[in-house]
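Each chain, written out:
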Amino acid sequence: YGSKGQDGTNHRHHSYRRRRTRIAPLPAVARTNKTKSDAMDTIKIIRDASGALRFEHPYIFQKPTAVTIGTFDGVHLGHLALINDLKRAAAARNLASAVVTFDRSPLATVRPGHPYSRLNSYREQITRLSAAAPDITFVLPFDRALSQLNADDFVQQVVVDMLHAHHMLLGYDH
């Protein structure tokens, strides 16, 4: 269930299987094109006019993934160790390594009047995640609707159904 990363921190591994209950499929959408300088694909997820989450571009993402989820503000050594452990776990299971992060701090949504300053700009965050070289980075809009999903629904609807996660690696504080 758990393991120590190379940096000595504890990580929790979870494997997921799809439930038999089905949620209506999300609209098809597309990934951003890789440039020569990109080490990964960055796939932005948006909320459409109906309130449903969907990929920003017409693309159907179906590759099974091993995921880790976090704000990754700062992309510090602990984050890099977690991403390296994720890449090893994904490779061992023949999965794509996927980092899931947010377009803004969850605090900015759940406590809008509370002052919050980012350690890195959004652009710098994505650049640093790219340098860590996961196969894919998913960027979710952390809006009021996402903040109100309970944990089980978030895992099922977003992590399993949308991102096709078969394995999840969490840092010690999740």
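What counts, and at which threshold
- Residues numbered from 1 in each chain as written.
- Predicted model: local features only at pLDDT ≥ 70, side-chain atom pairs only at ≥ 80, totals over all residues.
- Heavy atoms only, no water.
- Pairing = 2+ DSSP bridges.
- Helix = DSSP H or I, 4+ residues; strand = E, 2+ residues; numbered from the N terminus.
- Buried < 20%, exposed > 50% of the residue type's maximum accessible area, 1.4 Å probe, protein only.
- Contact = heavy atoms within 4.5 Å.
- Polar contact = N/O pair within 3.5 Å; in protein donor to acceptor, adjacent residues only side chain to side chain.
- Phe/Tyr/Trp six-rings, centres within 6.5 Å; stacked < 30°, edge-to-face > 60°.
- Salt bridge = Lys/Arg side-chain N within 4 Å of Asp/Glu carboxyl O.
- Core = buried A, V, L, I, M, F, W, Y, C linked by side-chain atoms within 4.5 Å.

**Re the pairing of strand E3 (residues 41-47)**
Right, so step 1: Relative to strand E7 (residues 136-140), E3 is paired through four bridges, and the arrangement is parallel. Bridging across to E7, aspartate 41 finds its partner in isoleucine 136.
Right, so step 2: Pairing of E3 with strand E4 (residues 53-55) involves three bridges; the strand directions are antiparallel. Note that in E4 the partner of arginine 47 across the bridge is leucine 53.
Right, so step 3: Linking E3 to E4, which pair antiparallel, is a turn of five residues; within it glycine 51 sits at a positive phi near 95°.

**Thoughts on the pairing of E7**
Right, so step 1: The buried fraction of E7 is high, at five of five residues.
Right, so step 2: Where strand E6 (residues 96-102) meets E7, five bridges bridge the pair, whose relative direction is parallel. Within E7, the position partnered with alanine 98 by the bridge is isoleucine 136.

**Some remarks on helix H5 (residues 151-162)**
Right, so step 1: Residues of H5 that are buried: Phe154, Val155, Gln156, Val158, Val159, Val160, Asp161 and Met162.
Right, so step 2: Those residues of H5 that are buried are in contact with E3, E4, strand E5 (65-69), E7, helix H4 (144-147) and strand E8 (165-170).
Right, so step 3: Capping the start of H5 is the job of one residue whose side-chain oxygen sits 3.1 Å from the backbone nitrogen of aspartate 152: asparagine 150.
Right, so step 4: Downstream of H5 by one or two residues, histidine 164 has phi in the positive range, about 55°.

**With respect to the packing of aromatic side chains**
Right, so step 1: On inspection of all chains with the given rule, the structure shows one aromatic pair.
Right, so step 2: An angle of 90° between the planes, with centres 5.1 Å apart, marks the rings of phenylalanine 102 and phenylalanine 142 as edge-to-face. Placement of phenylalanine 102 in strand E6 and of phenylalanine 142 in the loop between E7 and H4 is noted, with a sequence separation of 40 residues between them.

**Notes on the pattern of salt bridges**
Right, so step 1: All told, the structure shown has four salt bridges when counted by the stated rule.
Right, so step 2: Between arginine 47 and aspartate 143 there is a salt bridge, with its nearest N and O atoms 2.5 Å apart. Note that arginine 47 is positioned in strand E3 and aspartate 143 in the loop between E7 and H4, a separation of 96 residues in sequence.
Right, so step 3: Take aspartate 143: its relative accessible area is 15%, and that puts it in the buried class.
Right, so step 4: Here arginine 104 makes a salt bridge to aspartate 103, at a shortest N to O gap of 2.7 Å.

**Describing the nonpolar core**
Right, so step 1: In terms of nonpolar packing, the biggest core is built from 23 residues, with Ile45, Phe138, Leu140 and Leu163 touching the most fellow members.
Right, so step 2: Mapped onto this core, the elements with two or more residues apiece are E3, E4, E5, E6, E7, H5 and E8.
Right, so step 3: Once residues within four sequence positions are removed from consideration, isoleucine 45 is found in contact with Leu53, Arg54, Phe55, Glu56, Phe138, Val139, Leu140, Pro141, Met162 and Leu163.
Right, so step 4: One finds Val75, Leu82, Ile83 and Leu129 within the second-largest nonpolar core, a separate group that totals 14 residues.

**Re unusual backbone geometry**
Right, so step 1: Positive phi, normally seen in glycine, also occurs at asparagine 94, with a value near 60°.
Right, so step 2: Residue placement: asparagine 94 occurs in the loop between helix H1 (77-93) and E6.
Right, so step 3: Here asparagine 94 falls in the exposed class, since its relative accessible area comes to 69%.
Right, so step 4: The phi dihedral of histidine 164 is positive, around 55°, even though this residue is not glycine.
Right, so step 5: Within the fold, histidine 164 resides in the loop between H5 and E8.

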